[in-house]
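Tertiary structure, described
Each chain, written out:
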Amino acid sequence: MVNVVVFIVATVLVLGGAIGVVTSRNPVYSALLLVATLIGVAVFFVMQQAHLVAAVQVIVYASAIVVLFLFVIMLLGVDREESLEDPIKFQRPVALVLGGVVLAEILFLGGRHWATGAHSSAGSLHGGSNNVETVARSLFTQYLWPFELTAALLVIAVVGGVLLARRSGQRAGGPAPNEEANR
Amino acid sequence: MTGVITITGNYYLVVAAVLFTIGAVGVLVRRNVLVMFMCVELMLNAVNLTFVTFSKMLNDVGGQVTVFFTLVVAAAEVAVGLGIIVAIFRRRQGATADDVNALKG
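The following paragraphs examine the structure supplied in this document. Because the structure is predicted, anything quoted here is derived from the model rather than measured.

**Some words on the overall build of chain A**
Secondary structure assignment for chain A yields 9 helices and 0 strands. For chain A, the sequential pattern of α-helices and β-strands runs α-α-α-α-α-α-α-α-α. Out of the 183 residues belonging to chain A, those deemed buried represent 32%. In chain A, of all internal contacts separated by at least 6 residues, the share reaching a separation of at least 24 is 49%. Only carbon and sulfur atoms are counted for the fraction: they give 70% of the accessible area of chain A, which is about 10,900 Å².

**A short note on helix α3 (residues 51–76) of chain A**
Residue and element names in this part refer to chain A. Compared with an ideal rise of 1.5 Å per residue, which puts 26 residues at 38 Å, α3 spans 36 Å between its outermost C-alpha atoms and is within 8% of the ideal. The principal kink in α3, of about 30 degrees, is found at Gln57. Immediately downstream of α3, the backbone of Gly77 shows phi near 70 degrees, a positive value.

**So, the packing of aromatic side chains**
For the structure shown, the criterion picks out 7 aromatic pairs over all chains. For the pair Phe44 of chain A and Tyr12 of chain B, a centre-to-centre distance of 5.5 Å together with 90 degrees between the ring planes defines the contact as edge-to-face. Placement of the pair is Phe44 of chain A in helix α2 (residues 27–47) and Tyr12 of chain B in helix α1 (residues 9–29), with the two residues belonging to separate chains. For Tyr12 of chain B, a relative accessible area of 4% translates into the label buried. An aromatic cluster is defined as three or more aromatic residues linked by ring pairs; in this entry it consists of Phe7 and Phe44 of chain A together with Tyr11 and Tyr12 of chain B.

About the criteria used
Residues numbered from 1 in each chain as written. Chains lettered and ligands numbered in written order. Predicted model: local features only at pLDDT ≥ 70, side-chain atom pairs only at ≥ 80, totals over all residues. Heavy atoms only, no water. Helix = DSSP H or I, 4+ residues; strand = E, 2+ residues; numbered from the N terminus. Buried < 20%, exposed > 50% of the residue type's maximum accessible area, 1.4 Å probe, protein only. Contact = heavy atoms within 4.5 Å. Areas by Shrake-Rupley, 256 points an atom, 1.4 Å probe, with all protein chains shown as cover. Expected span 1.5 Å × (residues − 1). Bend = angle between axes of the 7 residues up to and from the residue. Phe/Tyr/Trp six-rings, centres within 6.5 Å; stacked < 30°, edge-to-face > 60°.

Keep in mind that these numbers describe shape and distance, not what the molecule does.
This is the structure we're talking about:
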């Protein structure tokens, strides 16, 4: 019974937050409602005994990534309300229809056995004494090479982010003497 | 336990499908680049939830390990994407996708 109540509350949190992200006029509200969605998904993870993933979800997603979003919103100064009017009139109904088609397609495919009837191939979920040990054992033995590759990916992303956010020469963007003086 | 609803994996899958759809519609509907980006995060989260649910349903640790890699890719994507958004903002004062419909600077 507790499970059902927690599930309903988390579902309301997730879907309400998601709808809020899409419909709110202010990007800051969108970012904060995104936190609600992410926390709700973390609750789903806990309910399915995926404790390590739930902790990482809260630490990485709900804190680091959303803080990054808020930081960029504040840095760029777009924290004001914007019009939700669409200059292309037919775009919104078409988008809603396409969304309905996507949902129907996912639910249809999810009900078929040939789409979701795969068998276990990466080891049992109950191999170790707890969830952290099981995931870590798989991550550092079977998936060691992809794990090392993610390190390379993160380094590339950091270097790329620095290069993109840096002012790349004066001829491209025009001079900004104030910011240059601060360096 | 008769008469009590038990939460099976299918409930999570339906919620994940609806979450993915909301994210997809958000990407199509919104014009603010930052909000579009958040909607992409919604879609990534829906996929993560699906992975964890199947990991539980199939008793397979691979789903939870894949969520880790998805998280790493999402973090890298946010870092690069926000860098691009900051670069666009430097060039022109606006955050709508309509402003960058041409490749020319």
